[in-house]
Amino acid sequence: QNPKLLEDLYYQEDNFIEEGNCKVIRSFQDERLDDRAETLKLAMNCYAKGRNDFAVKMTDDQIKLLKYQRRLEEEFNRPYMDLSLHQTIYRLIKENNNKVAEQMRKEFKVPDKRYWWIRIQALAESGEWAELDKFSRTKKPPIGMEAFVELCAKHDNVSEAMKYMPRVPPELKVKCLVKVGNKKLAADTAFDNKNEEELNFVLSRCGH
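Residues numbered from 1 in each chain as written. Predicted model: local features only at pLDDT ≥ 70, side-chain atom pairs only at ≥ 80, totals over all residues. Heavy atoms only, no water.

(A) Fine view of the environment of Ile-63. Relative to the helices and strands, Ile-63 is located in helix H4 (residues 53–76). Taking the relative accessible area as the measure of exposure, Ile-63 reaches 6% and is therefore buried. Between the C-alpha atom of Ile-63 and that of Ile-25, which follows or precedes it by 38 residues, the distance is 14 Å. The residues touching Ile-63, leaving out its near neighbours within four places in the chain, are Ala-37, Leu-40, Lys-41 and Met-44. (Helix = DSSP H or I, 4+ residues; strand = E, 2+ residues; numbered from the N terminus. Buried < 20%, exposed > 50% of the residue type's maximum accessible area, 1.4 Å probe, protein only. Contact = heavy atoms within 4.5 Å.)

(B) Representation of unusual backbone geometry in the model. A positive phi angle, close to 65 degrees, is found at Asn-96, a residue other than glycine. Considering the arrangement of structural elements, one finds Asn-96 in the loop between helix H5 (85–94) and helix H6 (98–107). For Asn-96, a relative accessible area of 58% gives the class exposed. One non-glycine residue, Lys-109, lies in the positive phi region at around 50 degrees. One can find Lys-109 in the loop between H6 and helix H7 (112–126).

(C) Main features of the nonpolar core. With 42 residues, the main nonpolar core has Ile-89, Ile-93, Met-104, Ile-120, Leu-132, Phe-148 and Val-149 as its most contacted residues. When neighbours within four sequence positions are excluded, Val-149 is seen to be in contact with Ala-161, Tyr-164, Met-165, Val-168, Cys-176 and Val-180. Judged by nonpolar contacts, the second largest core, of 6 residues, contains Ala-37, Leu-40, Met-44 and Ile-63. (Core = buried A, V, L, I, M, F, W, Y, C linked by side-chain atoms within 4.5 Å.)

(D) A look at H4. Between the first and last C-alpha of H4 there are 34 Å, a value that for 24 residues agrees with the 34 Å anticipated at 1.5 Å per step. Those residues of H4 not exposed but buried are Ala-55, Thr-59, Asp-61, Ile-63, Leu-65, Leu-66, Tyr-68, Gln-69 and Leu-72. Downstream of H4 by a residue or two, Asn-77 has a phi angle that is positive, lying close to 55 degrees. (Expected span 1.5 Å × (residues − 1).)

(E) Region of interest: the side chain of Lys-23. Among the secondary structure elements, Lys-23 is positioned in helix H2 (residues 16–27). Those residues in contact with Lys-23 that sit more than four places away from it in its chain are Glu-7, Thr-39, Leu-42, Ala-43 and Cys-46.

(F) Representation of the pattern of salt bridges. Applying the stated criterion across every chain yields a total of 17 salt bridges. With its nearest N and O atoms 2.9 Å apart, the salt bridge here joins Asp-61 to Lys-57. With Asp-61 and Lys-57 both in helix H4, this residue pair falls 4 residues apart, about one helical turn. Residue classification places Lys-57 among the partly exposed positions, given a relative accessible area of 46%. Linked by salt bridges that have partners in common, Glu-7, Glu-19, Lys-23 and Arg-26 make up one network. (Salt bridge = Lys/Arg side-chain N within 4 Å of Asp/Glu carboxyl O.)

(G) Layout of helix H9 (residues 145–154). With 7 of 10 residues buried, H9 is to be regarded as a mostly interior element. For H9, the set of buried residues is Met-145, Ala-147, Phe-148, Val-149, Leu-151, Cys-152 and Ala-153. Elements in contact with the buried residues of H9: H7, helix H8 (129–136), helix H10 (158–164) and helix H11 (170–179). Of the residues one or two after H9, Asp-156 is the one with positive phi, at around 55 degrees.

(H) Summary view of the packing of H7 against H9. Close contact between H7 and H9 brings their axes to 10 Å; oriented N to C, the two are set at 30 degrees. The angle between the axes of H7 and H9 places the two elements in the roughly parallel class. Between H7 and H9 lies a crossing whose hand is right-handed. Across the interface between the two elements, Trp-116, Trp-117, Ile-120, Gln-121 and Ala-124 of H7 pack against Ala-147, Phe-148 and Leu-151 of H9. Residue composition of the contact of H7 with H9, by class: 7 nonpolar, 1 polar and no charged. (Axes fitted to C-alpha atoms, helices over the stretch in contact; angles between N-to-C directions. Parallel < 35°, antiparallel > 145°, perpendicular 65-115°, else oblique. Left-handed = near helix turned anticlockwise from the far one by under 90°. Nonpolar A, V, L, I, M, F, W, Y, C, P; charged D, E, K, R; others polar.)

Nothing here speaks to function; it is all geometry.
Spelled out as structure tokens, the structure:
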């Protein structure tokens with residue numbers, strides 16, 4: 001009921017982590033970016049006193065992200081503030097600002113696997129099938145081809161999903177074929193593999 005009083009209590013008790021958490025929550029009430037950044041810096045000081053290096057780093061990254069988002073809004077005249085890092089990169093890719101998305105990936109050290117997921121989801125959502133196929137061949141993907149099949153199927157593009165099927169590992173092919181709705185080919189593949197478990201899986205999906 002009284003966040004300021006709570007923050008003062010944490011301060012008096014030298015409960016630095018909870019005091020920092022209060023400041024992070026308070027920062028969202030600051031309308032000006034500079035004010036919010038200052039409040040977050042105070043939170044960082046609390047986390048540093050509480051020796052929570054992870055919270056220090058995350059708060060520092062949040063300040064950096066907010067400043068980056070303001071620059072994006074000025075440059076592209078679209079809303080970016082208060083999106084997560086994931087959402088920001090996703091929106092950039094959807095709007096075909098790939099170079100900026102790549103810069104953000106490097107600056108915020110987004111792991112390859114996560115970046116690939118964000119990118120293929122954004123491309124599938126935008127219906128950029130040729131670009132999705134091109135991206136799948138750029139280098140050895142950190143995610144399997146089954147992810148590409150799944151996304152194409154999710155967006156009702158079975159013919160596109162089937163293009164990735166030859167590159168799906170044999171042990172996942174039957175499940176992928178069921179996902180795209182080709183149960184007959186899935187059953188034939190399971191039969192050819194002499195795999196009873198796969199055959200039972202296809203049969204179990206036939207009622208769906």
